[in-house]
Amino acid sequence: MSEAVNNSVLKMENITMQFGGVVAINNLSLEVNQGEIVALIGPNGAGKTTAFNCITGVYEPTNGMVYFHGKPIVVNHPQGKMIKQYGGINGDLYKDKKPVVHTPDKITHMGIARTFQNIRLFKSQTAFENVLIGTHLRRTSNMLTATFRINAKEEKANREKAYRLLEIVGLADVANELATSLPYGKQRRLEIARALATDPTLLLLDEPAAGMNPQETDELGEFIVDIKNRFNLTVFMIEHHMNLVMDISDRIYVLDFGKQIAEGTPEEIQKNPVVIAAYLGVDEE
Ligand SMILES: Nc1ncnc2c1ncn2[C@@H]1O[C@H](COP(=O)(O)OP(=O)(O)OP(=O)(O)O)[C@@H](O)[C@H]1O
């Protein structure tokens with residue numbers, strides 16, 4: 001195997017996601033390598049969150065493959081009525097392959113953790129409990145045994161881990177407060193702590209700076225780089241705050257109307273006339 005293949009953490013290959021007649025993603029191929037911070041940008045409705053949903057098992061893409069650490073975790077091709085309706089490219093490429101689909105919890109268990117554009121914390125749980133729930137995804141036991149026959153040693157380790165994660169993200173002092181009572185910026189950090197509790201190798205962040213002011217956004221950038229290094233992560237991030245994207249990304253992919261229109265370093269993307277026309281010319285803030 002070549003070094004490039006060994007370094008590959010995430011690879012999307014010819015992914016098309018079609019909702020009825022709407023082609024939300026059209027033949028998207030991209031790769032995220034070990035230790036990189038890669039951003040996925042594009043105007044509203046370009047297909048960014050749909051791409052995350054195709055990786056994490058929320059959607060079953062109409063066509064294409066997703067590899068995680070070189071292993072196929074998603075395989076599909078147009079089937080049934082989609083054969084006639086298919087509006088993407090390369091619809092025949094995988095027709096001889098057996099489809100592979102995993103549920104979101106299985107994908108999380110494999111090592112892909114995610115935060116959401118609209119924060120999705122457990123509202124009636126404390127900050128500590130939210131992170132503790134994240135550690136439970138690593139359990140070998142099922143929901144019932146987890147509830148009724150908790151392994152005391154494992155639970156103690158989980159509680160210590162949850163508390164340590166809260167310390168790392170700077171939330172130890174609010175461990176016992178209800179998640180939803182926390183200010184917005186802290187809720188975003190808490191969601192990241194919960195994601196880290198699942199021991200990911202790949203962290204998907206969907207608009208982590210949404211709703212943050214410029215100072216909070218700067219701090220978030222440092223925080224993302226810090227946790228990436230500390231936990232030896234690879235980060236794939238959707239973000240509209242261009243300063244954050246340009247500051248911390250190693251590479252950037254640009255989507256427009258479901259298609260990749262550019263890929264490059266922050267310097268290259270900032271100078272790319274196609275990107276400027278499609279996206280950077282639009283004032284998102
Ligand atoms: N479940 C769905 N059913 C039908 N259409 C959908 C579904 N999910 C997404 N779409 C459509 O797919 C397209 C891409 O949406 P998506 O949310 O991925 O864009 P986005 O780039 O993440 O946008 P934003 O920056 O506003 O979050 C849109 O036209 C959207 O309406």
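Position labels on residues start from 1 in each chain and follow its written sequence. In view of the model being predicted, local features appear only for residues whose pLDDT reaches at least 70, and side-chain atom pairs are presented and counted only at 80 or more, with totals across whole chains, interfaces and linings using the full set of residues.

Explain the overall build of the chain to me, using residue names and the numbers behind them.
Along its length, the chain carries 12 helices and 10 strands. Here the globule rule reads 2.2 Å times residues to the power 0.38, and the radius of gyration is calculated from C-alpha atoms. Radius of gyration (C-alpha) of the chain: 19 Å, near the 19 Å computed for a compact globule of 285 residues. Dimensions of the chain, computed from C-alpha atoms along their principal axes, come out at roughly 55 × 45 × 40 Å. Counts of 20 or more other C-beta atoms within 10 Å of a residue's own C-beta define buried residues, counts of 12 or fewer define exposed ones, and intermediate counts define partly exposed ones; C-beta atoms are placed from the backbone. The burial tally for the chain puts 40% of its 285 residues in the buried class. Each helix corresponds to a stretch of at least 4 residues labelled H or I by DSSP, and each strand to a stretch of at least 2 residues labelled E; elements are numbered beginning at the N terminus.

Please set out the site of the ligand residue by residue, giving values where relevant.
As a rule, any residue with its backbone-derived C-beta atom within 6 Å of a molecule or strand is reported as near that molecule or strand. Residues in close proximity to the ligand include F19, V22, A24, G42, N44, G45, A46, G47, K48, T49, T50 and Q117, which together make up its full environment. Put simply, the parts of the chain that give the shell around the ligand at least two residues each are β2 (22-33) and α2 (48-55). Note on residue categories: nonpolar means Ala, Val, Leu, Ile, Met, Phe, Trp, Tyr, Cys or Pro, charged means Asp, Glu, Lys or Arg, and polar means any other residue, Gly included. Classifying every residue of the shell around the ligand by side-chain character gives four nonpolar, seven polar and one charged.

Could you give an account of the pairing of strand β8 (residues 234-238), naming the residues involved and the relevant values?
The buried fraction of β8 amounts to five of the five residues, a majority that puts the element mostly inside the structure. Of the two faces of β8, the one carrying T234, F236 and I238 and the one carrying V235 and M237 are both buried. The pairing of strand β7 (residues 202-206) with β8 spans five bridges and is classified as parallel. Within β8, the residue paired with D206 across the bridge is I238. For the handedness criterion, the β-α-β arrangement of β7, helix α9 (residues 214-230) and β8 is classed as right-handed. Two strands are said to pair when DSSP picks up at least two bridges between them. Every crossover in which the path from the first strand over the helix to the second runs clockwise, viewed with the strands pointing away from the viewer, is termed right-handed.

Please set out the pairing of strand β10 (residues 259-264) residue by residue, giving values where relevant.
Here strand β9 (residues 251-256) runs beside β10; their pairing, made up of five bridges, is antiparallel. Bridged to Y253 within β10 is E263. Where β9 folds back onto β10 in an antiparallel hairpin, the turn is made up of two residues, including F257, whose phi is positive at roughly 45°.

Outline the environment of E36, listing residues and values.
Looking at the secondary structure, you find E36 in the loop between β2 and β3 (37-41). E36 sits in the partly exposed class, given 18 other C-beta atoms within 10 Å. Here the alpha-carbon distance between E36 and E160, two residues 124 residues apart in the chain, equals 29 Å. Any pair of residues counts as being in contact when their C-beta atoms, constructed from backbone geometry, are within 7 Å of one another. Among all residues touching E36, those that are not within four sequence positions of it are T234, D250 and R251.

Describe the sheet that holds β2, listing the residues and the values that go with them.
Reading across from one edge, β2-β1-β4-β5 is the order of the four strands in this open sheet, with antiparallel pairing throughout. A strand with exactly one partner marks an edge of an open sheet, and here the two such strands are β2 and β5 (71-76). Shown here is a sheet whose adjacent strand axes are inclined to one another by a mean of 15°, direction ignored. Bridge count between strand β1 (residues 8-19) and β2: eight bridges; the pairing is antiparallel. Looking at the pairing, M17 lines up with I25 of β2. The angle between two axes is taken between their N-to-C directions and runs from 0 to 180 degrees, where each axis is a line fitted to C-alpha atoms and a helix contributes only its stretch in contact.

Any details on the packing of helix α5 (residues 127-136) against helix α7 (residues 152-168)? Residues and values, ideally.
Remark: α5 packs on α7, axes separated minimally by 9 Å, with the N-to-C direction vectors making an angle of 125°. Classified by the interaxial angle, the pair formed by α5 and α7 is oblique. Handedness of the α5/α7 crossing: right-handed. Facing A127, F128, V131, L132, T135 and H136 of α5, the residues of α7 in contact are N158, R159, K161, A162, Y163, L165 and L166. Among the residues making up the contact of α5 with α7, the classes are represented as eight nonpolar, three polar and two charged. With respect to orientation, any angle under 35 degrees is reported as roughly parallel, any angle over 145 as roughly antiparallel, any angle of 65 to 115 as roughly perpendicular, and every other angle as oblique. Crossing handedness is defined as follows: a turn of the near helix away from the far one that is anticlockwise and smaller than a right angle gives a left-handed crossing, while the clockwise case is right-handed.

Let's hear about the nonpolar core: which residues, and what values?
Residues of type Ala, Val, Leu, Ile, Met, Phe, Trp, Tyr and Cys that are buried and joined through C-beta atoms within 7 Å form what is called a nonpolar core. In terms of nonpolar packing, the biggest core is built from 69 residues, with V66, V131, L166, A193 and F236 touching the most fellow members. Aside from chain neighbours lying at most four places away, what touches L166 is A127, F128, V131, L171, A172, A175 and A193.

How would you explain helix α8 (residues 184-196) if you had to name every residue and give the values?
A helix is expected to span 1.5 Å multiplied by its residue count minus one. The end-to-end C-alpha separation of α8 is 19 Å, in line with the 18 Å expected for 13 residues at 1.5 Å each. With 10 of 13 residues buried, α8 lies mostly within the body of the structure. If you check which residues of α8 are buried, you get Q187, R188, R189, L190, E191, I192, A193, R194, A195 and L196. Those residues of α8 that are buried lie in contact with β6 (112-114), α5, α7, β7 and α9.

An account of the sheet that holds β3 is needed here, citing residue identities and associated values.
Taken in spatial order, the six strands line up as β6-β7-β8-β3-β9-β10 in an open sheet, and their pairing is mixed. A single partner strand is all that each edge strand has here, and the edge strands are β6 and β10. Strand-to-strand twist of the sheet, defined as the mean angle between neighbouring strand axes without regard to direction, takes the value 20°.

Would you mind going over unusual backbone geometry in detail, with residue names and values included?
A negative phi angle is the norm for most residues apart from glycine, just as the trans form is the norm for most peptide bonds. The backbone of N14 shows a phi angle near 50°, a positive value even though the residue is not glycine. Looking at the secondary structure, you find N14 in strand β1. A positive phi angle is found at D199, which is not glycine, with a value near 60°.

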